[in-house]
Every structure is written in structure tokens, then in C-alpha cells.
Amino acid sequence: MAAPADRAKLFEEMHRRGEPFDYSRRAAELLRHRFVGEAVRRLHAHPTRLLDIGCSMGQLTAQLAGLPDALFAVDLSPTAIRAARDRLRTVGVPARFVVASATALPFREAAFDVTVLSDGLHSWQLTPEERQRALAQTHRILRPGGWAVLTEYLQPRAFPAFVTQVRASPLAVVSIEYLHDRLWYQVESWFKAVRDWRWVQRLFGSMALARLLRSVARPLGPLGSRHILVIARRSDEVPQ
């Protein structure tokens, strides 16, 4: 695992090269962001304050726009934050962006109704200790009864360990869902060597194909998924 300073440099360089992982063009990622947005809406129809942790260039943040009264987002990369700010400005939704780490969130206790950590605890290359620190920070900034929505991209055999990590934090796990997207990533892998070809890019952007593959994988449950979604909650009272 990279040291914090090296990690910040790594993600800054990644975003300077362009949009990581084509989040705004690949159908599987668009569906994932919509899935997360729908999960948030089911939990809280109109949160007062929502925080998107690890927002990258604001692709998911834009999906959450208009839901809370006040939308916040953080990322390690200043380049990512600038791009996210421009994206939200384009859709005409006010949001506040801060360069910060998930392990040291610059917000007061009990500041948010909902926090979102999408593809973060493992993809951000945190150590196990840093993952627990990030979860503790998430718990700290949630209001009592507030919700944390976490997704992670893993092999199905690693899902139980991920859930165990969240359960080991101060957060209380409420529910677990699967995105049934394993077939999609398998199809993508077949065309990795020619991913820049125009017809392949159209294939990767096909929402109809992504939905079809998801419906085929759904009966497989966790085995048909590469993404797990965990809903957790802060259930304690704020110390007086």
C-alpha cells in the first residue's frame, strides 16, 4: 500500500491523464451510479446534507445532485475536484468541493444525514488500519440515525471480508445488496485489447446490453456480482 503522500500523488497523476475508468461513458459504471443514487433515495427522500467521499470527477456526485439541500464532495486530487466542480456547475446544481482524505474528513461531528463511499475502501489503496479510520470518520460525521452507503468492486469470495470490515467499525450494517454485474465485466475483458475501437466503445456504452447482462446474472446472487453495496447506519447518540 502507498504512503498517504504517495497515494495523493498517484491519484492526482491519474486524473491529470483524463477520466479514470471512463466512468461517464461505460454503461456498467453509469448503472452503478444510478444504483447508488436509487439506494440513497430509498433511505432518505430529501437529506439536508449529503457527502460524496472520493468523488473523482463528479460522475456520481452529479447523480446525487438535487437530492439534498446541501451537497458536499471530497477527493484527494485537486484536478479531480476542479473537474467535478465544473461538471456540477454545468448541470446547474450548487455543490461544495474540498480536497481531503477519507481518513481525515474536515467536517464537524454529526454534520451529515448521508455519506457515500463508492468503490473506495479497497480501490483507494488504503491499509486495513486506514480503512477502519475512514469508517470511523464516516461514523463521526454522520448524525445519529444517519446513513452510510458503501460500494466496492471485488471478487465474490472477498465480499464477506468486506462486510466484516464494515461490521468491525462503529457503523451498524443494515442491509447488503449486489449489483449483478459480473457478466458485464467479463464481456469487457474480452475486448480489452481493442477497447479504443469505435464499435467497442459503443458496445461498452450500451445501457441495453448492460441491463440484459445484469438480468441474466441476477439469479446467481453474489456469484453474479463484482460489486457489493452495503447500507450502514450511525445508531448511537452524539455525546453531550
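Residues numbered from 1 in each chain as written. Predicted model: local features only at pLDDT ≥ 70, side-chain atom pairs only at ≥ 80, totals over all residues. Heavy atoms only, no water.

Two elements in contact, helix 7 (residues 182-190) and helix 9 (residues 207-217), have axes separated by 7 Å at closest approach and are oriented at 125°. Taken together, helix 7 and helix 9 sit at an angle that is classed as oblique. Mapping the contact onto sequence places Leu183, Trp184 and Val187 in helix 7 and Leu209, Ala210, Leu213, Val216 and Ala217 in helix 9. Classifying every residue of the contact of helix 7 with helix 9 gives eight nonpolar, no polar and no charged. (Axes fitted to C-alpha atoms, helices over the stretch in contact; angles between N-to-C directions. Helix = DSSP H or I, 4+ residues; strand = E, 2+ residues; numbered from the N terminus. Parallel < 35°, antiparallel > 145°, perpendicular 65-115°, else oblique. Contact = heavy atoms within 4.5 Å. Nonpolar A, V, L, I, M, F, W, Y, C, P; charged D, E, K, R; others polar.)

In this structure, the largest pocket encloses a volume near 820 Å³. Forming the boundary of the largest pocket are 38 residues, of which Phe21, Tyr23, Arg32, Asp119 and Ser123 lie nearest the centre. At the level of elements, helix 1 (4-16), helix 2 (27-43), strand 1 (49-53), helix 3 (59-64), strand 2 (70-75) and helix 7 are the ones that each hand at least two residues to the lining of the largest pocket. Sort the elements by how many residues they give to the lining of the largest pocket and helix 1 lands first, with four residues. (1 Å grid on protein atoms, 1.4 Å probe; cavity = no way out; pocket = protein on both sides within 12 Å on 5 of 7 lines; lining within 4 Å. Points joined across faces, edges and corners; volume = space filled by probe spheres on them.)

Attention now goes to the side chain of Glu29. Among the secondary structure elements, Glu29 is positioned in helix 2. Residues within four places of Glu29 in sequence aside, it is in contact with Phe21, Tyr23 and Tyr185.

Glancing now at the pairing of strand 4 (residues 112-118). Across the seven residues of strand 4, seven count as buried, placing the element largely inside the fold. Sheet analysis places strand 1 next to strand 4, joined by four bridges and oriented parallel. Paired with Asp52 across the two strands is Val116, which belongs to strand 4. In the classification by handedness, the crossover that spans strand 4, the intervening helix 5 (residues 128-141) and the parallel strand 5 (residues 142-153) is right-handed. (Buried < 20%, exposed > 50% of the residue type's maximum accessible area, 1.4 Å probe, protein only. Pairing = 2+ DSSP bridges. Right-handed = clockwise from strand over helix to strand, strands pointing away.)

Once that is clear, we can look at the confidence of the model for the chain. Here the chain averages 93 in pLDDT, while 98% of its residues score no lower than 70. Of all helices and strands in the chain, the one with the weakest mean pLDDT is helix 1 (91), whereas strand 1 scores best (98). (pLDDT = per-residue confidence, 0-100.)

This part covers unusual backbone geometry. Located in the positive-phi region is Phe21, a residue other than glycine, with phi close to 65°. Even without being a glycine, His180 presents a positive backbone phi close to 55°.

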